[in-house]
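Listed below are the residues making up each chain.
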Amino acid sequence: MRRLILLLASLILLASTAWSDEFELGMGVAVAAEKNDAAAVNSTQDNNLYALRLAYNWLNFVNFSLDSIVLPPASVQQMTGRFTFDPKTGNLSVVQGIYRPGMVNMIDVGIKFALFDFIILGVQVGGNSLYIYHMDKPEDKPLFAGINTDLGANIKATVGMKFNHNLGLEIAMYSIQPSLETSGYVLGGLISEDTKIRRIASGQLLRNAAFGAVFVLYL
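Residues numbered from 1 in each chain as written. Predicted model: local features only at pLDDT ≥ 70, side-chain atom pairs only at ≥ 80, totals over all residues. Heavy atoms only, no water.

Caption draft 1: Focus on the overall build of the protein. Looking only at helices and strands, the protein features 5 helices and 10 strands. Scored against the burial criterion, the 219 residues of the protein give a buried share of 38%. Split by element, the accessible area of the protein, about 12,500 Å² in all, is 65% carbon and sulfur. (Helix = DSSP H or I, 4+ residues; strand = E, 2+ residues; numbered from the N terminus. Buried < 20%, exposed > 50% of the residue type's maximum accessible area, 1.4 Å probe, protein only. Areas by Shrake-Rupley, 256 points an atom, 1.4 Å probe, with all protein chains shown as cover.)

Right, here's the structure in full:
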């Protein structure tokens, strides 16, 4: 852990000329790490995920961001589906989720910098929520009874490159986790010296994950 901290501090020092305080605006596409079962049933389902970014970079490396991923109905249905158990009969049944388009909104804070003013690196954690189309309409509220739209926490890892001072391409991995505590365990497990722990942490990181390519304007 000490070596990792020293390495990170060295990279931040090298990136000290990267960029001053600035805003980021981004737009791109994303793809889920695991195939969506609901979409697989309907081969005509549009599986494209669209990623949007609004962020502020402070003191060259502290980054605050709002990332949104626009989801097709099949993805929302998978996220909002749930199991029910009847203790009287012992039956386990599946309650289908809401088949409507939606959006995952992720608010993150972490480190992000441009090494040599060219290579972009970043890791962030935060919370997220799910917005579903027309979930606020009074006549539709009964449909959302029992649906949890607070999905938990997320981890975002970013690599990319700057083409010039104002334009870059970033590849981001968005991993949705049950809680911030779980996110901490995952990040700690990824740098563990125990191979088994690293493998478990990697599997948890990729569960409910998406990868996005975002073109970013640095303002």
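Now that the structure has been shown, the text picks up again.
Caption draft 2: Just the sheet that holds strand 6 (residues 102-115), in detail. The antiparallel closed barrel is built from 8 strands, whose spatial order is 1-2-3-6-7-8-9-10. Averaged over all neighbouring strand pairs, the angle between strand axes comes to 25°, with direction disregarded. Pairing of strand 1 (residues 22-32) with strand 2 (residues 49-58), which is carried by 9 bridges, proceeds in the antiparallel orientation. Note that in strand 2 the partner of leucine 25 across the bridge is leucine 54. Along the sheet, helix 4 (residues 180-190) contacts strand 7 (119-132), strand 8 (152-162) and strand 9 (167-177); its crossing angle with strand 8, the most-contacted strand, is approximately 50°. Each of strand 8, strand 9 and strand 10 (209-218) is contacted by helix 5 (residues 195-206), which is oriented at about 105° to strand 9, the strand it contacts most. (Pairing = 2+ DSSP bridges. Axes fitted to C-alpha atoms, helices over the stretch in contact; angles between N-to-C directions. Contact = heavy atoms within 4.5 Å.)

Caption draft 3: Examining the environment of isoleucine 69 more closely. Within the secondary structure layout, isoleucine 69 lies in strand 3 (residues 62-71). According to the relative accessible area criterion, isoleucine 69 is buried, its value standing at 6%. Along the sequence, isoleucine 69 and methionine 106 sit 37 residues apart, while their C-alpha atoms lie 8.5 Å from each other. The residues touching isoleucine 69, leaving out its near neighbours within four places in the chain, are Leu49, Tyr50, Ala51, Gly102, Met103, Val104, Met106, Tyr174 and Ala210.

Caption draft 4: Looking closely at the confidence of the model for the protein. Residues with a pLDDT of 70 or more make up 77% of the protein, whose mean pLDDT is 80. Note on residues 15-19: pLDDT is under 50 here. Beyond four places in sequence and across chains, it has 15 contacts. Considering only residues more than four positions removed or in separate chains, one finds that residues 38-45, a stretch of pLDDT under 50, has 12 contacts. (pLDDT = per-residue confidence, 0-100.)

Caption draft 5: Representation of helix 3 (residues 73-80). The element helix 3 is largely enclosed, with a buried count of 6 among its 8 residues. Along helix 3, the residues that are buried comprise Pro73, Ala74, Ser75, Val76, Gln77 and Thr80.

Caption draft 6: Inspection of the packing of aromatic side chains at higher detail. Tallied over the entire structure, the rule returns 1 aromatic pair. Centre to centre, the rings of phenylalanine 23 and tyrosine 56 are 5.1 Å apart; their planes meet at 45°, and the pair counts as tilted. Remark: tyrosine 56 occurs in strand 2 and phenylalanine 23 occurs in strand 1; sequence separation between them is 33 residues. The exposure class assigned to phenylalanine 23 is partly exposed, which follows from its relative accessible area of 48%. Directly above the ring of tyrosine 218 sits lysine 162, whose terminal nitrogen or CZ lies 4.7 Å from the centroid. (Phe/Tyr/Trp six-rings, centres within 6.5 Å; stacked < 30°, edge-to-face > 60°. Lys NZ or Arg CZ within 6 Å of the ring centre and 35° of its normal.)

Caption draft 7: Structural context of the pairing of strand 6. Across 10 bridges, the pairing between strand 3 and strand 6 is antiparallel. Counted as the bridge partner of leucine 66 is isoleucine 107 from strand 6. Inspection of the sheet shows strand 6 paired to strand 7 by 14 bridges, in the antiparallel sense. Note on strand 7: the bridge partner recorded for methionine 103 is tyrosine 131. A loop of 3 residues connects strand 6 with strand 7, the two strands running antiparallel in sequence, and phenylalanine 116 in this loop sits at a positive phi of about 60°.

Caption draft 8: How the structure looks around the packing of helix 4 against helix 5. Running from N to C, helix 4 and helix 5 point in directions that differ by 135°, and their axes come no closer than 8 Å. If you check the angle between helix 4 and helix 5, you find them oblique. When the axes of helix 4 and helix 5 are compared, the crossing they make is left-handed. Every residue of helix 5 that contacts helix 4 at Thr182, Val186, Gly189 and Leu190 is listed here: Ile197, Arg198, Ala201, Ser202, Gln204 and Leu205. The class makeup of the residues in the contact of helix 4 with helix 5 is 5 nonpolar, 4 polar and 1 charged. (Parallel < 35°, antiparallel > 145°, perpendicular 65-115°, else oblique. Left-handed = near helix turned anticlockwise from the far one by under 90°. Nonpolar A, V, L, I, M, F, W, Y, C, P; charged D, E, K, R; others polar.)

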